[in-house]
Protein chains: 4
Amino acid sequence: MAGSIFGKNFQVTTWGESHGKGIGVVVDGCPAGLPLDEGKIQKYLNRRKPGQTRYSTPRKENDEVEILSGVFEGRTTGTPISMIVYNTSQRSRDYSEIAQYFRPGHADYTFDQKYGFRDYRGGGRSSGRETIGRVAAGAIACAILEELGISVLAYTQAIGGIAIDRSKAKEENIMKSPLYMPDLEASGQAEILLESKMKEQDSAGGIIECIIRGVPAGVGEPVFEKLDANLSKAIMSIGAIKGVEIGDGFAVADTFGSQNNDAFAIAEDGSVCKKTNHAGGILGGISDGSDIVLRAAVKPTPSIARSQKTVNKDGQEIDVEIKGRHDPVIVPRAVVVVESMAAITVLDMLLSSMTSNMEAIKRFFQS
Amino acid sequence: MAGSIFGKNFQVTTWGESHGKGIGVVVDGCPAGLPLDEGKIQKYLNRRKPGQTRYSTPRKENDEVEILSGVFEGRTTGTPISMIVYNTSQRSRDYSEIAQYFRPGHADYTFDQKYGFRDYRGGGRSSGRETIGRVAAGAIACAILEELGISVLAYTQAIGGIAIDRSKAKEENIMKSPLYMPDLEASGQAEILLESKMKEQDSAGGIIECIIRGVPAGVGEPVFEKLDANLSKAIMSIGAIKGVEIGDGFAVADTFGSQNNDAFAIAEDGSVCKKTNHAGGILGGISDGSDIVLRAAVKPTPSIARSQKTVNKDGQEIDVEIKGRHDPVIVPRAVVVVESMAAITVLDMLLSSMTSNMEAIKRFFQS
Amino acid sequence: MAGSIFGKNFQVTTWGESHGKGIGVVVDGCPAGLPLDEGKIQKYLNRRKPGQTRYSTPRKENDEVEILSGVFEGRTTGTPISMIVYNTSQRSRDYSEIAQYFRPGHADYTFDQKYGFRDYRGGGRSSGRETIGRVAAGAIACAILEELGISVLAYTQAIGGIAIDRSKAKEENIMKSPLYMPDLEASGQAEILLESKMKEQDSAGGIIECIIRGVPAGVGEPVFEKLDANLSKAIMSIGAIKGVEIGDGFAVADTFGSQNNDAFAIAEDGSVCKKTNHAGGILGGISDGSDIVLRAAVKPTPSIARSQKTVNKDGQEIDVEIKGRHDPVIVPRAVVVVESMAAITVLDMLLSSMTSNMEAIKRFFQS
Amino acid sequence: MAGSIFGKNFQVTTWGESHGKGIGVVVDGCPAGLPLDEGKIQKYLNRRKPGQTRYSTPRKENDEVEILSGVFEGRTTGTPISMIVYNTSQRSRDYSEIAQYFRPGHADYTFDQKYGFRDYRGGGRSSGRETIGRVAAGAIACAILEELGISVLAYTQAIGGIAIDRSKAKEENIMKSPLYMPDLEASGQAEILLESKMKEQDSAGGIIECIIRGVPAGVGEPVFEKLDANLSKAIMSIGAIKGVEIGDGFAVADTFGSQNNDAFAIAEDGSVCKKTNHAGGILGGISDGSDIVLRAAVKPTPSIARSQKTVNKDGQEIDVEIKGRHDPVIVPRAVVVVESMAAITVLDMLLSSMTSNMEAIKRFFQS
């Protein structure tokens, strides 16, 4: 079955392998009339581009995006937007070694079992480069959401156990931290940890947090297409993510109803609001108008240079040391990927929510 | 948009409200030739039926399922299987009070915002009774998986912070514990906690764990229809779930690559295996042949009898005490729901995986 | 794979067999706030009910519909609407004969090949009774469309080669003709033909025409989800339909561009209109604001009493005479089914069209 | 909503406009292990390439396809196959004229109504060049079907009322006729007709017939995903198609059950066969093992040089003469498009049919 298409209204089809000709995406269902050019997309791609800091792979890729269709005279036409980023730094080194064994923590073994063989060059389709298509599509989703007053913001909440102190976290710090942490003190400590891990030829995991502001109440379709259900799928579909939580998440397991329930109240402007947001902005799978808050657990980069035990295709147990250009931590470059998948999902469900209500439909077609 | 349909091959459509005529489900895409009768379904429904222990609502519902179509002479025909459970205990009490305000932690407010009004009787569609359809469909999914050598097992891992001790956990204990905990000592402690919470008119949260054994390597479709992505959606779509994790889950954020990577090895029978299972049986979104392990965080029952602050439809802040028949903890009755959603998802993706490989397709049509 | 679900926004799931417990449908994605009761549905079901005229099977079925969910205090709630019609006239006669051979023109052989066996009682799932679910869902679609100023009208255009004279056709005649023909003279001639075919133990085919008025320009999604493409699928999915055409249909094959092109003009109210409607209201897969016109070819009832050659399950060639209660012509009872499928499709795509345009989306969320 | 994605297992996403940078397609869900290179695709594209005969537009396009992903070492990997054809002959002529009015028979008006504006250069997305993506994907579908013993063959059955004589039709003639007609005498007559139409600055319509051989019985999913229903959608989604029929199609309307039913018989090899094939190889929406036969009605090219009446964007009625490079008949170049869409559909449903039967599924996973 096909697995590279995401969404129902705003549909994202990604393609491409790490060392193929390029990576691309087709965005189908983008509303017509949105101002769009390569610059808007590039801004997002640059945030995941390699080589930005010493904590990301030195592989040199400019990751320059080209729009091939769906935009005319500076605006989207409503037809599919095809975008491509050519791979330019496919190293000529010999991949025959990696082809012969299964790297621990990678998809080598499972791809072989599923498909019979695999494009082993740099991980092929299971490479992190696959997320280029997600981010290019996410940039468009963010542009649409922005027009509707909705913002999506992701950042690093923790790396290797070093978490931000929320009292010290500031949004403006995020882009100042090479790790995209809003608390620069925690960022500094995490950098020290990463330096030590790099020396040990090891890698670290972490947590990404994402806040979506401005989503009106009423988005999400009970009972299976709940907003939190689709966000979970979207985020968990990113390589290296092993957990997703909404609002207080796993902490709710240890609390009691009297603590966890968010009391409703009347805001100064007379609207209904919540005094707390343990629910993370979603009740019964539908947005409640509060900030939507989610977190994703990112595993340590599986490619590490220190010796590991594995098996080869001949069925022998062997020791391997993974060479190549790898990030000591996936988290910082995944921040914009989480942001992108969250934006795509929220947009997709926002569009779905337009058909919930007969009166709203009537108004739409009468205007 | 529609939200009550789940799956691509094995498609589950649920319907019904807490106090409507009944709750039902249509299972479309069930393969023909599966032996099936009401007894097989009822066994699963009985596990979520109310009134089984003092920790569940005393609402009296037999929840007897009737198969209306799709089964002929004891076997599934390949056509849709429609199943219904009639509601019998719709209390005649006055719901006009609950209709006027928004219960904290419930979907009252979001349903009203989305649809303009709601069926307020017992939570309507957002009631836990909605899961009857999921469990009836899950029972069929489990029956199919069983024929293929795959088992799905869920149980309570923790309640209100009291977790099982894995060294003491035994599968045979699960059905002995009124809380479905495999460690009876932890179960006893959790019961004490619940008694105290019931006295305090409060409720508790917890964690459900699910293990799926026997899934062959190769199930899951990169990059968006990954097995873990779809499991996350399935589990998160259950009411009251606020977090999902696979394998080590959120713990990976604090570990390092050298710890988290599972080394491959050669098993005694010559097959490839893993020495550890931090990955929870899924690599690159594809099953690796190991046990698939997931956990879900369940929030405390939002309906509590103690006084809470909220607002009414007239825009006034009020204090409310939620009356009615409510569980002090959702976890035990949700165990079979998690099991059901996991089974539906794994089956659906197992069927999808049949078309991954040209050689396998050729063999299929030649045989 | 599942095949009993239709639509993307307004999703219709049907279930049930001719001689099972009943026939039903779940409508998911119906907007909230639509006034609805059984009476509205029943009116449509009565048009396909057997025993209305001497040209339909004398099987006695009241086909009374019951709404089981999704409607509260007289209005749809936005949650799935489950409807059921119980089968009451499952004759106790012995079906073991029909179970042993494949009726010509029926799905007996193909069901056996696909599923390994079949529910042979009255055709099981491939019976015309399956369309009850379509019509019940179609009634809801029509009710929604009516609120939006859109009407769907189907009627018999020809039976056994006897076609209506368009100069004599009047909408008010349709319900006066036992064959639902708007030209009563043609209807009378067709009745004479049917009498003669009944005597000959034979059956006749025909053509159904459907006109959809009031669809705004802009409905339909290039390039695969074109309005005409989805209408074709919807209509062709009805049993016994062997051809579908839009506007001039197959006649375009014999015409030339100068004849077939519809000239645009300015209407008296200043709006753009077309002087002719060869296109049948659809250009480039998108509605153009003119009437949408389609026709469907219906094959003669395959069940005929006269002797036919076929084979049995033992691989022997045999002669059979199909007994039972069968219509000499399918067309009249299929009229409301065509109307229903057209309504469901147009509604589904109308809802899809709401997300085509950025400005319209902005207006929607600002209002 | 998105409309440029087709299929459920073998999913085809097309993109591109007539005068944009290129036309492309992403094929997701192609099984791994299929031998594939550009040559196999190019062979199909060459059949729809312009400038092959005097009956097609003289626009010069080599339409050379490049595979960008999903193929490794000569075989498909199971991951998305991205293909691109760059536009090279975007004439620099001024399109500002065509931008100002709505061409009769084209999608100019409906695109404007739907999206608010349009890429008017050469028809933009509604251009016939859009079908390049369909044909590239169809070539892959055909390659897979071929491995399974299934062939798809389309040809011109009639042009401007001149139909082939079936007694004179030979498969080997198809590629000899510039109009792809299997009866060379009819082809000659049709050429004379076209010459005269070209002189009259007019265009002609016609009929394409398609025969699919080797499909096993059992493909197609009752009741909405019937094989004929999906074929109808697939074919009707091609621009300029106004009608689709299966087997005897519209002719069934004039026949009687005793004529139209296909008698089953026992073939020499002991298998079940049909003595005739009025049904066109599909019974109850499921393939019956006979040849699948369908026909599509193609309208005359709407772009004609002779003067036509239309309106401009200022709301004025005007006379226009469409300049540019246009085919006097669409039929011949659409033959391979029909073949492609038929192949994609049959393959998609063939893959779906793998999950119909419990025994077959068990065998699959045990082998």
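Since the structure is predicted, the reported quantities are computational estimates derived from the model, not experimental observations.

Quick notes on the rules
Residues numbered from 1 in each chain as written. Chains lettered and ligands numbered in written order. Predicted model: local features only at pLDDT ≥ 70, side-chain atom pairs only at ≥ 80, totals over all residues. Heavy atoms only, no water. Helix = DSSP H or I, 4+ residues; strand = E, 2+ residues; numbered from the N terminus. Rg over C-alpha atoms; globule rule 2.2 N^0.38 Å. Buried < 20%, exposed > 50% of the residue type's maximum accessible area, 1.4 Å probe, protein only. Areas by Shrake-Rupley, 256 points an atom, 1.4 Å probe, with all protein chains shown as cover. Least-squares fit on C-alpha atoms with pLDDT ≥ 70 in both. Contact = heavy atoms within 4.5 Å. Salt bridge = Lys/Arg side-chain N within 4 Å of Asp/Glu carboxyl O. Buried area = accessible area lost by both parts, 1.4 Å probe. Polar contact = N/O pair within 3.5 Å; in protein donor to acceptor, adjacent residues only side chain to side chain. Nonpolar A, V, L, I, M, F, W, Y, C, P; charged D, E, K, R; others polar. Phe/Tyr/Trp six-rings, centres within 6.5 Å; stacked < 30°, edge-to-face > 60°. Lys NZ or Arg CZ within 6 Å of the ring centre and 35° of its normal. Pairing = 2+ DSSP bridges. Axes fitted to C-alpha atoms, helices over the stretch in contact; angles between N-to-C directions. Parallel < 35°, antiparallel > 145°, perpendicular 65-115°, else oblique. Left-handed = near helix turned anticlockwise from the far one by under 90°. pLDDT = per-residue confidence, 0-100. Disulfide = S-S within 2.5 Å.

## Some thoughts on the overall build of chain A
Of regular secondary structure, chain A possesses nine helices and 18 strands. Over its C-alpha atoms chain A spans a radius of gyration of 22 Å, differing by no more than 12% from the 21 Å that the globule rule assigns to 367 residues. In chain A, buried positions account for 69% of the 367 residues. Accessible surface, chain A: about 11,400 Å² in total, of which carbon and sulfur atoms supply 47%.

## Comments concerning the relation of the copies chain A and chain B
Each copy superposes on the other: chain A lies on chain B with an RMSD of 0.0 Å after a rotation of 180 degrees and an axial shift of 0.0 Å. Both copies are brought into coincidence by an operation consistent with a two-fold rotation axis. Closest approach to the rotation axis within chain A is made by the C-alpha atom of K233(A), at a distance of 2.4 Å. The fraction of interface residues of chain A whose copies in chain B are also interface residues reaches 100%, indicating that both copies meet through the same surface.

## Considerations on the relation of the copies chain D and chain A
Between chain D and chain A, the superposition needs a rotation of 180 degrees and an axial shift of 0.0 Å, giving an RMSD of 0.0 Å. A symmetric contact is evident, with 100% of the interface residues of chain D recurring at the interface of chain A.

## Notes on the pattern of salt bridges
In total, this model carries 112 salt bridges over all chains according to the counting rule given. Put simply, R103(B) and D108(B) hold a salt bridge, and the shortest N to O gap is 2.8 Å. Of the residues examined, D108(B) reaches a relative accessible area of 3% and is grouped as buried. Notably, a salt bridge pairs E209(D) with R295(D), separated by 2.8 Å at the nearest N-O pair. Placement of the pair is E209(D) in strand β10 (residues 206-213) and R295(D) in strand β16 (residues 292-298), with a sequence separation of 86 residues.

## Comments concerning the interface of chain D and chain A
Across the boundary between the two partners, chain D contributes 45 residues, which contact 45 residues of chain A. Of the roughly 3,500 Å² buried between chain D and chain A, counting both surfaces, carbon and sulfur atoms make up 63%. When the area that chain D buries against chain A is broken down by residue, the three leading residues are W15(D), F72(D) and F117(D), summing to 19%. Scanning the region where chain D abuts chain A turns up two salt bridges. A salt bridge links E66(D) to K21(A), with the nearest nitrogen and oxygen atoms 3.0 Å apart.

## Topic: the environment of G161(C)
Residue and element names in this part refer to chain C. Position of G161 relative to the elements: it lies in the loop between β8 (151-159) and β9 (162-163). For G161, a relative accessible area of 44% gives the class partly exposed. Remark: the alpha-carbon pair of G161 and I318, spanning 157 residues in sequence, is separated by 31 Å.

## Observations concerning the interface of chain A and chain B
Between chain A and chain B, the contact holds 107 residues from the first and 107 residues from the second. Across the chain A-chain B interface, the total number found is four salt bridges. Note that E221(B) is salt-bridged to K114(A), the shortest N-O span being 2.8 Å. Counting every contact that joins chain A to chain B gives 49 residue pairs in polar contact (both at pLDDT 80 or more). The residue makeup of the side of chain A that touches chain B, split by class, is 45 nonpolar, 38 polar and 24 charged.

## Here we look at the packing of aromatic side chains
The way to describe two aromatic rings as a pair is by their centre distance and the angle between their planes. Scanning the entire structure with this criterion turns up 32 aromatic pairs over all chains. With 5.4 Å between their ring centres and 50 degrees between their planes, F224(C) and F6(D) make a pair best called tilted. In this pair, F224(C) sits in the loop between β10 (206-213) and α6 (227-236) while F6(D) sits in strand β1 (residues 5-6), so the two residues belong to two different chains. Its relative accessible area of 1% is what places F224(C) among the buried residues. By the ring-pair criterion, three or more aromatic residues cluster together here, those being F364(A), F365(A), F364(C) and F365(C). If you follow R75(B) out to its NZ or CZ, it ends over the ring of F117(C), 3.9 Å from the centre.

## Some thoughts on the environment of V272(A)
As for its placement among the helices and strands, V272(A) is situated in strand β13 (residues 272-274). Beyond its immediate stretch of four places on either side in the chain, V272(A) contacts F264(A), A265(A), I266(A), F102(B), Y109(B) and V311(B).

## Remarks on the pairing of strand β11 (residues 241-246) of chain D
The side chains of a regular strand alternate between the sheet's two faces. Residue and element names in this part refer to chain D. Of all the six residues making up β11, six are buried; the element is thus mostly covered by neighbouring parts of the structure. In this sheet, β16 lies alongside β11 in antiparallel orientation, the contact comprising five bridges. Bridge pairing links E245 to R295 in β16.

## Some points on the sheet that holds strand β4 (residues 65-67) of chain D
Residue and element names in this part refer to chain D. Ordered by their spatial adjacency, five strands build an open sheet running β1-β2-β3-β7-β4, and the pairing between neighbours is antiparallel. Every interior strand has two partners, whereas the edge strands, β1 and β4, have only one. Seen against the sheet, helix α4 (residues 131-147) touches β2 (11-16), β3 (22-28) and β7 (81-86) and runs at an angle of roughly 35 degrees to β3.

## Some remarks on the packing of helix α1 (residues 38-48) of chain A against helix α4 (residues 131-147) of chain A
Residue and element names in this part refer to chain A. The N-to-C vectors of α1 and α4 enclose an angle of 135 degrees; their axes lie 9 Å apart at closest approach. When the axis of α1 is compared with that of α4, the two are oblique. With respect to the hand of their crossing, α1 and α4 are arranged in right-handed fashion. For the pair α1 and α4, the contacting residues are K40, I41, Y44, L45 and R48 in the first and T131, I132, V135, A136, A139, I140, C142 and A143 in the second. Of the residues in the contact of α1 with α4, the class split is ten nonpolar, one polar and two charged.

## Considering the confidence of the model for chain A
Put simply, chain A has an average pLDDT of 95, and 98% of its residues get 70 or more. Across the predicted assembly, pTM comes out at 0.98 and ipTM at 0.97.

## A few points about the sheet that holds strand β2 (residues 11-16) of chain A
Residues and elements named next belong to chain A. Pairing is antiparallel in the open sheet, where five strands are placed in the order β1-β2-β3-β7-β4. For this open sheet the edge positions go to β1 (5-6) and β4 (65-67), each flanked by a neighbour on one side alone. Lying over the sheet, α1 contacts β4 and β7 (81-86), oriented at roughly 150 degrees with respect to β4. Packed onto the sheet, α4 meets β2, β3 (22-28) and β7 and runs at close to 35 degrees relative to β3.

## Some remarks on the state of the cysteines
All names here are of chain D. Within this structure, the stated rule accounts for zero disulfides over all chains. The structure places no disulfide on C30, whose sulfur is separated from the nearest cysteine sulfur, that of C142, by 12 Å. Relative accessible area serves as the criterion here: at 2%, C30 is assigned to the buried category.

## Comments concerning the side chain of S69(A)
In this structure, S69(A) sits in the loop between β4 and β5 (71-72). A relative accessible area of 2% places S69(A) in the buried class. A distance of 3.1 Å separates a polar side-chain atom of S69(A) from the backbone nitrogen of S82(A). With sequence-adjacent residues up to four places away left out, S69(A) is seen in contact with P80(A), I81(A), S82(A), W15(D), G16(D) and E17(D).

## Examining the side chain of S352(D)
Looking at where S352(D) falls in the secondary structure, it is placed in helix α8 (residues 331-352). You can call S352(D) buried: its relative accessible area is 3%. With residues near it in sequence (within four places) discarded, S352(D) still touches M1(C), N9(D) and E221(D).

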